[in-house]
Amino acid sequence: MGPAVRPDRQRLTLFDLDNTLIAGDSDYGWAQFLIEIGVLDGPAYERRNSAFFADYKAGRLDIGAFLDFQLRPLAEHEPAELLAWRERFVAEKIRPMLLAKARTEVERAVAAGDLVAVVTATNSFITRPIAELYGIEHLVATEVEMVAGRFTGRSAGTPCFREGKLARVLDWLGGLGRPLGSFGSSRFYSDSHNDLPLLAVVSEPIAVDPDEQLAAHARRNGWPIVSWRAG
């Protein structure tokens, strides 16, 4: 149990997931894993997956088109089969990506009594168990629509990406009865310039192993730049 904290002075601490808490991209990695185990057609799917990943890094990703592509396999298989594949994916691909320095920061925030969440554009089916590996209860992610116990292949609600990530965080806080302004301070750790809408509204934006665009923005604005991958 962390120390008791007055609610109006509590800190909000948010962590991006891909290339921040983990040394890689879980969305991209999930597709590559499905190719490896023969679920997806390798060459064709990998070309499109790589193209979307390049668009993401360049800041021109069409999130609707990407989600149509990325979520389709969830609709084509039984939930039990998907869960078995996810368990293997986390064990074989995600655990090696975990970062000791990231875990230290998470543990420090939890011990301080912060309200802590993972905030990620990657869908919650993939990312829920990864947040749990870090002992983080709250997850704000792109949600996947389910009907009659099966995924439809469509996203539910606003995708948690760029301005949508900020909107989803504000909606989540509203559901807790804790608007952003009610915290003594707020902190967001991210590697990506795609997260600038959310980074711009917290009181402590922190760039973690940032891409070139975010690194340049952080330097111009005097934001801390840290590395969780360096030895």
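Residues numbered from 1 in each chain as written. Predicted model: local features only at pLDDT ≥ 70, side-chain atom pairs only at ≥ 80, totals over all residues. Heavy atoms only, no water.

With that out of the way, let us pick up the layout of surface pockets. Within this model, the largest pocket holds a volume of roughly 200 Å³. As for the largest pocket, its lining consists of 13 residues, of which Asn19, Tyr56, Lys57, Asp191 and Asp211 are closest to the centre. Of the residues that constitute the lining of the largest pocket, the class distribution is 2 nonpolar, 4 polar and 7 charged. (1 Å grid on protein atoms, 1.4 Å probe; cavity = no way out; pocket = protein on both sides within 12 Å on 5 of 7 lines; lining within 4 Å. Points joined across faces, edges and corners; volume = space filled by probe spheres on them. Nonpolar A, V, L, I, M, F, W, Y, C, P; charged D, E, K, R; others polar.)

Turning our attention to the nonpolar core. Judged by nonpolar contacts, the single largest core of 49 residues is most densely connected at Leu21, Trp30, Ile94 and Tyr134. With 20 residues, the next largest nonpolar core counts Val119, Cys160, Leu199 and Leu214 among its residues. (Core = buried A, V, L, I, M, F, W, Y, C linked by side-chain atoms within 4.5 Å. Buried < 20%, exposed > 50% of the residue type's maximum accessible area, 1.4 Å probe, protein only.)

Relative orientation of the contacting elements helix H1 (residues 26–36) and helix H2 (residues 42–58) amounts to 175°, with a least axis distance of 10 Å. If you check the angle between H1 and H2, you find them roughly antiparallel. Contacts from Tyr28, Ala31, Gln32 and Ile35 in H1 reach Gly42, Tyr45, Glu46, Asn49, Ser50 and Phe53 in H2. (Axes fitted to C-alpha atoms, helices over the stretch in contact; angles between N-to-C directions. Helix = DSSP H or I, 4+ residues; strand = E, 2+ residues; numbered from the N terminus. Parallel < 35°, antiparallel > 145°, perpendicular 65-115°, else oblique. Contact = heavy atoms within 4.5 Å.)

With that settled, the discussion passes to the sheet that holds strand S3 (residues 138–147). Two modes of strand pairing occur in sheets, parallel and antiparallel, and in both the strands are linked by backbone hydrogen bonds. Ordered in space as S4-S3-S2-S1-S5-S6-S7, the 7 strands form an open sheet in which the pairing is mixed. Whereas interior strands pair on both sides, the edge strands pair on one side only; in this sheet they are strand S4 (150–156) and strand S7 (225–226). Here strand S2 (residues 115–123) runs beside S3; their pairing, made up of 5 bridges, is parallel. Note that in S3 the partner of valine 118 across the bridge is leucine 139. (Pairing = 2+ DSSP bridges.)

A few words now on the side chain of asparagine 49. Within the secondary structure, asparagine 49 sits in helix H2. There is a polar contact of 3.3 Å between the side chain of asparagine 49 and the side chain of glutamine 32. Ignoring anything within four residues of it in the chain, the contact list for asparagine 49 reads Tyr28, Ala31, Gln32, Phe69 and Gln70. (Polar contact = N/O pair within 3.5 Å; in protein donor to acceptor, adjacent residues only side chain to side chain.)

Structurally, serine 203 can be placed in the loop between helix H8 (196–199) and strand S6 (204–208). By relative accessible area, which is 47% here, serine 203 ends up partly exposed. For the pair formed by serine 203 and aspartate 62, sequence separation is 141 residues and the distance between their alpha carbons is 29 Å. Among residues more than four places away in sequence, those in contact with serine 203 are Ser185 and Ser186. At 2.8 Å, the side chain of serine 203 and the backbone nitrogen of serine 186 are in polar contact.

Looking now at the packing of H1 against helix H4 (residues 79–94). Where H1 contacts H4, the two axes come as close as 10 Å, and the packing angle between them is 110°. Our classification of the angle between H1 and H4 gives roughly perpendicular. Like other packed secondary-structure pairs, H1 and H4 cross with a definite hand, here right-handed. Between H1 and H4, the residues in contact are Ser26, Gly29, Trp30, Phe33, Leu34 and Glu36 and Leu82, Trp85, Arg86, Arg88, Phe89, Glu92, Lys93 and Ile94, respectively. Among the residues making up the contact of H1 with H4, the classes are represented as 7 nonpolar, 2 polar and 5 charged. (Left-handed = near helix turned anticlockwise from the far one by under 90°.)

The next point concerns the packing of aromatic side chains. The final tally for this structure, using the stated rule, is 13 aromatic pairs. Residues tyrosine 56 and phenylalanine 161 carry aromatic rings whose centres are separated by 6.1 Å and whose planes lie at 40° to one another, so their mutual orientation is tilted. Pair noted here: tyrosine 56 is in helix H2 and phenylalanine 161 is in the loop between S4 and helix H7 (163–175), with a separation of 105 residues, a long-range link. Across the pair, exposure class does not vary: tyrosine 56 and phenylalanine 161 are buried alike. Relative to tryptophan 228, the ring of tyrosine 189 lies with its centre 5.1 Å away and its plane at 40°, an arrangement referred to as tilted. Taken together, the residues span a long stretch of sequence, with tyrosine 189 in strand S5 (residues 185–190) and tryptophan 228 in the segment after S7 at a distance of 39 residues. Overall, the relative accessible area of 6% leaves tryptophan 228 in the buried class. An aromatic cluster of three or more residues is present, and its members are Trp30, Phe33, Phe89, Phe125 and Phe151. Taking the ring centre of phenylalanine 125 as reference, the NZ or CZ of arginine 86 above it sits at 4.6 Å. (Phe/Tyr/Trp six-rings, centres within 6.5 Å; stacked < 30°, edge-to-face > 60°. Lys NZ or Arg CZ within 6 Å of the ring centre and 35° of its normal.)

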